[in-house]
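# Coordinate analysis (summary)
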Amino acid sequence: MKTKVLFVLILILCTSAKSFSQSVSLDYTDELLNEILLDLNQRYGVQISINADLSNACPVTIRQQYKSMDLAIQALAEKCDLDFKKIGDVYVFRSNAASELSAEKIPERPKSPPVFLYQGLIVERGTGEPLPFSSLKLSGRGIVADENGRFSFKSGQRQEQGLFQSLGYEPADTLIGHSNKLRIILNPRLMELGAVEVIANGGITPLTNVGEKAGHIRFNDISNNLIPGLSDNLIFNNLRLYPGVMAAGESIADFVIWGSYAGQTHVIYDGISLFNSWGINDDMGRVNPYMIKNVEVYKGGYNVPYGDRVGGVVLMEGTSGDLQSAGARVSFTNQLANAYVNLPLSKKATLQVAARKTLFEAFDLSAGFGDDEDVIVPQYDYSDLNLKLTTALGDADRLEISSIYSEDEYSGDLRLRFRGTAVQDINLNSVQTGNSVRYAHNWSKGGISKLTLSQSEYKPEFSANYFVLEGGRPNGDTLRRYNWKNVIEEYKAQLTHRFAATQKHQLQLSGAFIANRASLASNADRVILEDTEATASRVSVYAHDDIQWTDKLSMQLGLKADLFYGGTESFLQPRVNLRYDLTPGWNLHAGWGLYNQFVSKNTIRDELGNQSDVWQLADNVTTNVLSSNHSVLGTTYRVNGLELGLEAFYKEVEGFGRFFVSRNGMTRFAEGEARTTGLEVFAKKKIKTHDFWLSYTLSEVEERFRVGNQFSDFQQAPQSQRHELKTVAIFNFDKLQFSFANVYGSGFPNNTFRPDLQDITPYWRTDLAFQYRLKLGATDLETGVSILNLFDRRNVRLNQSLSVPGGSRINTVGIPFTPTLYVNFGF
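A brief report on the enclosed structure follows. Everything numeric in this text was worked out from a predicted model, so none of it was measured.

For the rest of this paragraph, the subject is the overall build of the protein. Scanning the protein from terminus to terminus reveals 6 helices and 49 strands. Within the protein, the proportion of its 827 residues that are buried is 54%. For the protein, contacts bridging at least 24 residues in sequence account for 64% of all contacts bridging at least 6. Split by element, the accessible area of the protein, about 35,200 Å² in all, is 57% carbon and sulfur.

What follows is the structure in structure tokens.
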């Protein structure tokens, strides 16, 4: 008997030593709690009791040694916000909410129904990269994740059937348990074929989304669209093919969206305001295409979270990098060299570096119009550098640091007959820099906070000299000299908090402190504007609620307020959006709002009608604060690969100005106002692996200026164009891709100073692109050709014409016949 008792004691001691006396090692990365517990059972023989919904809803990252199994189990429970109790040799897990309920056997008062939190992150399988602005549906409630793919939702259900979607990815329809550390992984729907991506089952997936809400276009993985000229000015080359974004005029000043003026479209990259979104030459986007993950375009009628201008918003989110492996991409064209490197610094951090540089003009195959004396043919040089560091902090927080630097130079000359042979020599240099730090924090009880610190500076320098040639050399008689430097800066600190969504509401609050500085220094024969330097600071706050009235009807209510630091006047901007789903594929949407802008790009017109622009503060001291109202009404229909959209819009803008210079050198400022009316149509059809779409915009932009105490009559604005029609076809034949794009515009006045000199010339440009992909060992290789302006049509650039003495008008040409040969390497 004593022998049996001794044997049992020894067995118990051995078992206890195996389970509890040994140190316990936990080393897991993004592993579900269920898999960790199974592993502990196999390694240590530990017994566990847990609800499968709880264990499958919590991914855990942990690397730690523990002295006992009790401490290890406790650490795992805390990671997943669970409680545990040891009953005999069995560890029993349950939710904290369940523990609290069981602890109070006799409540003193009736308790509210329990509320469960569903909060986490939506990422791409393989790379772990967050998927910005993904959509999800829980309890029939539609929610949009933020720019980091984060969401937060409260429900009365312990489990939810969730539908998670992101443009270009397979939807996930799955049952999930409540947790504040959910990680939803979506599979790419695509098999990458270079600049075109193809669904695994053989069809091209749409990488764009038009008309989900008022005035909205969304692009995902925009660098994977085979669009002519994509390697240079990626964003504009894509946007110009969609309705509402003016392609004619090839504006070098700004995006012209729904008739907007220069400086009225807010372009943002990773929280950085870009005062000039592409190079002076119009062929180079300021942001390297390798660094762009997602693009959201709001043409008008948008709500308070977006932008800080009276026109449209182009919101670009950068890639986060691949945590799994290092990679590099290199591309060469006859105009440009581009390189990109992704470096995983740890299991949680990546560094991305991208740079571009134009090549020598000897490699430029453009036809040009050099022999034509009626046009100015520009030359240019461009270089840039993009950096981004992304790291996870803890299990849920995230830190991103982005930097951008770009510099370009533009030069052109024109010879004309005036007192002999006169020459106009123009040189323009610009530098755009910007930096941002963004920190996102998930609160354990629900809600997501984001802190953004950003800085941006745009510094253009302009010089123009007019002189006379005698015997082929300047005779020293300069007719006119005009040089200026105009710097605009922005410093911004913003804190935004999104409360956890409920069945009916998702509330968002934000507060920001914004400081702007503008300076102008000139050295000219005649002083047009005095040298100035001005600063202005303001506080900007907003509240936004996304209300789900029914399964079919939703409303967004927003109110934004701006107040100058030290001032008393507040600028209130209410906004509202509506959407009604007639069927799952057919919706009606509307938007209305008031908008203000506190920096302004005003125009200077000399006595001949020549135009230049200058950045100034719109602070009601230097110039007036700009104001605008937008009204949008539209419908979108999608079914079986067919997409149809119809949208009507109306805008009014007040407060922008124009400086007029008289023949005696006197300068006067005139306050202006404009109105834009338009209708746009979009149709897209997928046939097997090929895509075809058509965009049409009917619009008119009218402007008038205050003369004395009265306004003049409305007349057409320089950018007003009645008709613009765009057709696009993208063909995919496995390794070979081909795209075709044609744009026709009815023309724009480009000169409102002398209506008698208006010569409205229709715009027409046809572009082609071919690409072939192959694999050489471990290297992916893409090669192809992009041809811009196939028929060498001489188009005119918007706001880049020159009036000279004698009444002649000289135009700056748009892009000529430009073949671009390219080769891309992926490692």
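What follows is about the side chain of Gln-508. Assignment of secondary structure puts Gln-508 in strand 30 (residues 505-524). Residue classification places Gln-508 among the buried positions, given a relative accessible area of 13%. Engagement of the side chain of Gln-508 in a polar contact is seen with the side chain of Tyr-542, the distance being 2.7 Å.

Now for the packing of aromatic side chains. What the rule picks out here adds up to 24 aromatic pairs. Taking 6.2 Å as the distance between ring centres and 65 degrees as the angle between the ring planes, the aromatic pair formed by Tyr-298 and Tyr-302 counts as edge-to-face. Their ring planes at 5 degrees and their centres at 6.4 Å tell us that Phe-731 and Phe-733 sit as a pair that is stacked. What makes Phe-731 partly exposed here is its relative accessible area of 21%. A relative accessible area of 48% means that Phe-733 is categorised as partly exposed. Following the ring pairs from residue to residue traces out a cluster consisting of Phe-692, Phe-731, Phe-733, Phe-738 and Phe-770. Here Arg-675 stacks its cationic end above the ring of Phe-714, 3.8 Å away from the centre of that ring.

Scanning all chains against the criterion turns up 1 disulfide. Note that Cys-58 is cross-linked by a disulfide to Cys-80, the S-S spacing being 2.0 Å. For the disulfide bridge between Cys-58 and Cys-80, the dihedral angle about the S-S bond is near -90 degrees, and by the sign convention the bridge is left-handed. Of the two residues, Cys-58 is situated in the loop between helix 3 (52-55) and strand 3 (59-66) and Cys-80 in the loop between helix 4 (69-79) and strand 4 (82-87); the sequence distance between them amounts to 22 residues. Take Cys-58 and Cys-80: they sit in the same class, and that class is buried.

In this structure, His-216 sits in strand 16 (residues 216-220). On the basis of relative accessibility, which here comes to 5%, the residue His-216 falls in the buried class. On a C-alpha basis, the gap between His-216 and Tyr-302 in space is 8.2 Å, while along the polypeptide they are 86 residues apart. Of note is the side chain of His-216, whose polar atom sits 2.5 Å from the side chain of Glu-296.

With that settled, consider the sheet that holds strand 2 (residues 47-49). Spatially, 3 strands are ordered 2-5-4 in an open sheet, and the strand pairing comes out mixed. Unpaired on one side and paired on the other, strand 2 and strand 4 mark the two borders of the sheet. Put simply, the sheet's adjacent strands are angled 25 degrees from each other on average, direction ignored. As defined by bridge partners, strand 4 adjoins strand 5 (residues 90-95) across 6 bridges and the pair is classed as antiparallel. When the sheet's bridge partners are listed, Leu-82 is paired in strand 5 with Ser-95. Running at roughly 150 degrees to strand 4, helix 4 makes contact with strand 2, strand 4 and strand 5 of the sheet.

Okay, a nonpolar patch on the surface next. On the surface, Tyr-580, Leu-582, Trp-586, Leu-588, Tyr-637, Val-639, Leu-642 and Leu-644 cluster together into a nonpolar patch covering about 600 Å² of accessible area. Mapped onto the nonpolar patch, the elements with two or more residues apiece are strand 33 (570-583), strand 34 (586-597), strand 37 (626-639) and strand 38 (642-661). Considering the arrangement of structural elements, one finds Trp-586 in strand 34. When its relative accessible area of 37% is taken as the criterion, Trp-586 is described as partly exposed.

To continue, consider helix 4. Inspection of helix 4 places Met-69, Ala-72, Ile-73, Ala-75, Leu-76 and Ala-77 among the buried residues, and these make up the whole buried set. Downstream of helix 4 by a residue or two, Asp-81 has a phi angle that is positive, lying close to 55 degrees.

Turning next to the sheet that holds strand 11 (residues 172-177). Judged by pairing direction, the sheet is antiparallel, and its 4 strands sit side by side in the order 8-7-10-11 without closing on themselves. The sheet is open, and its two edges are formed by strand 8 (141-144) and strand 11, each paired on a single side. On average, each strand axis in the sheet is tilted by 25 degrees relative to the strand beside it, whichever way the strands run. Of the pairings in the sheet, the one linking strand 7 (residues 135-138) to strand 8 comprises 4 bridges and is antiparallel in character. Looking at strand 8, one finds that Lys-137 is bridged to Gly-142.

As a further point, take the nonpolar core. Core analysis: the biggest nonpolar cluster contains 43 residues, and Phe-255, Val-314 and Met-316 have the highest contact counts within it. Elements with a contribution of two residues or more to this core: strand 16, helix 6 (234-239), strand 17 (266-269), strand 18 (272-274), strand 19 (292-298), strand 20 (313-318), strand 43 (723-733) and strand 44 (736-745). Excluding residues within four positions of it along the chain, Met-316 makes contact with Ile-235, Val-267, Ile-268, Tyr-269, Asp-270, Leu-274, Val-287, Ile-292, Asn-294 and Val-295. Listed in part, the 24 residues of the second largest apolar core include Leu-33, Tyr-44, Leu-54 and Leu-76.

Moving on: the environment of Leu-399. With respect to the helices, strands and loops of the structure, Leu-399 is situated in strand 26 (residues 397-417). Apart from the residues lying within four places of it in its own chain, the contact partners of Leu-399 are Leu-389, Thr-390, Thr-391, Leu-393, Val-437, Arg-438 and Tyr-439.

With that out of the way, let us pick up the pairing of strand 23 (residues 349-358). Sheet faces and side chains relate simply in a regular strand, where the side chains alternate between the two faces. Pairing of strand 22 (residues 336-344) with strand 23 involves 9 bridges; the strand directions are antiparallel. Opposite Ala-339, over in strand 23, you have Ala-355 as the bridge partner. Counting the residues in the hairpin turn of strand 22 and strand 23 gives 4 residues. Note that strand 23 and strand 25 (residues 379-393) share 9 bridges and pair antiparallel. Of the residues in strand 25, the one forming a bridge with Lys-357 is Ser-383.

Turning our attention to the pattern of salt bridges. All told, the structure shown has 32 salt bridges when counted by the stated rule. A salt bridge links Glu-400 to Arg-438; its shortest N-O distance comes to 2.7 Å. One end of the pair, Glu-400, is in strand 26; the other, Arg-438, is in strand 27 (residues 421-442), and 38 residues separate them in sequence. One network of salt bridges, in which partners are shared, links Asp-270, Glu-317, Lys-388, Arg-398, Glu-400 and Arg-438.

The subject of this paragraph is the packing of helix 2 (residues 33-44) against helix 4. Between helix 2 and helix 4, whose axes approach to 12 Å, the crossing angle comes to 170 degrees. In terms of orientation, helix 2 lies roughly antiparallel with respect to helix 4. Packed against helix 2, whose contacting residues are Leu-33, Ile-36, Leu-37, Leu-40 and Tyr-44, the element helix 4 presents Met-69, Ile-73 and Leu-76 at the interface. Across the contact of helix 2 with helix 4, the residue classes break down as 8 nonpolar, no polar and no charged.

Analysis parameters
Residues numbered from 1 in each chain as written. Predicted model: local features only at pLDDT ≥ 70, side-chain atom pairs only at ≥ 80, totals over all residues. Heavy atoms only, no water. Helix = DSSP H or I, 4+ residues; strand = E, 2+ residues; numbered from the N terminus. Buried < 20%, exposed > 50% of the residue type's maximum accessible area, 1.4 Å probe, protein only. Contact = heavy atoms within 4.5 Å. Areas by Shrake-Rupley, 256 points an atom, 1.4 Å probe, with all protein chains shown as cover. Polar contact = N/O pair within 3.5 Å; in protein donor to acceptor, adjacent residues only side chain to side chain. Phe/Tyr/Trp six-rings, centres within 6.5 Å; stacked < 30°, edge-to-face > 60°. Lys NZ or Arg CZ within 6 Å of the ring centre and 35° of its normal. Disulfide = S-S within 2.5 Å. Pairing = 2+ DSSP bridges. Axes fitted to C-alpha atoms, helices over the stretch in contact; angles between N-to-C directions. Patch = residues over 30% accessible without salt bridge, like charges linked within 9 Å, V, L, I, M, F, W, Y side chains within 5 Å. Salt bridge = Lys/Arg side-chain N within 4 Å of Asp/Glu carboxyl O. Core = buried A, V, L, I, M, F, W, Y, C linked by side-chain atoms within 4.5 Å. Parallel < 35°, antiparallel > 145°, perpendicular 65-115°, else oblique. Nonpolar A, V, L, I, M, F, W, Y, C, P; charged D, E, K, R; others polar.

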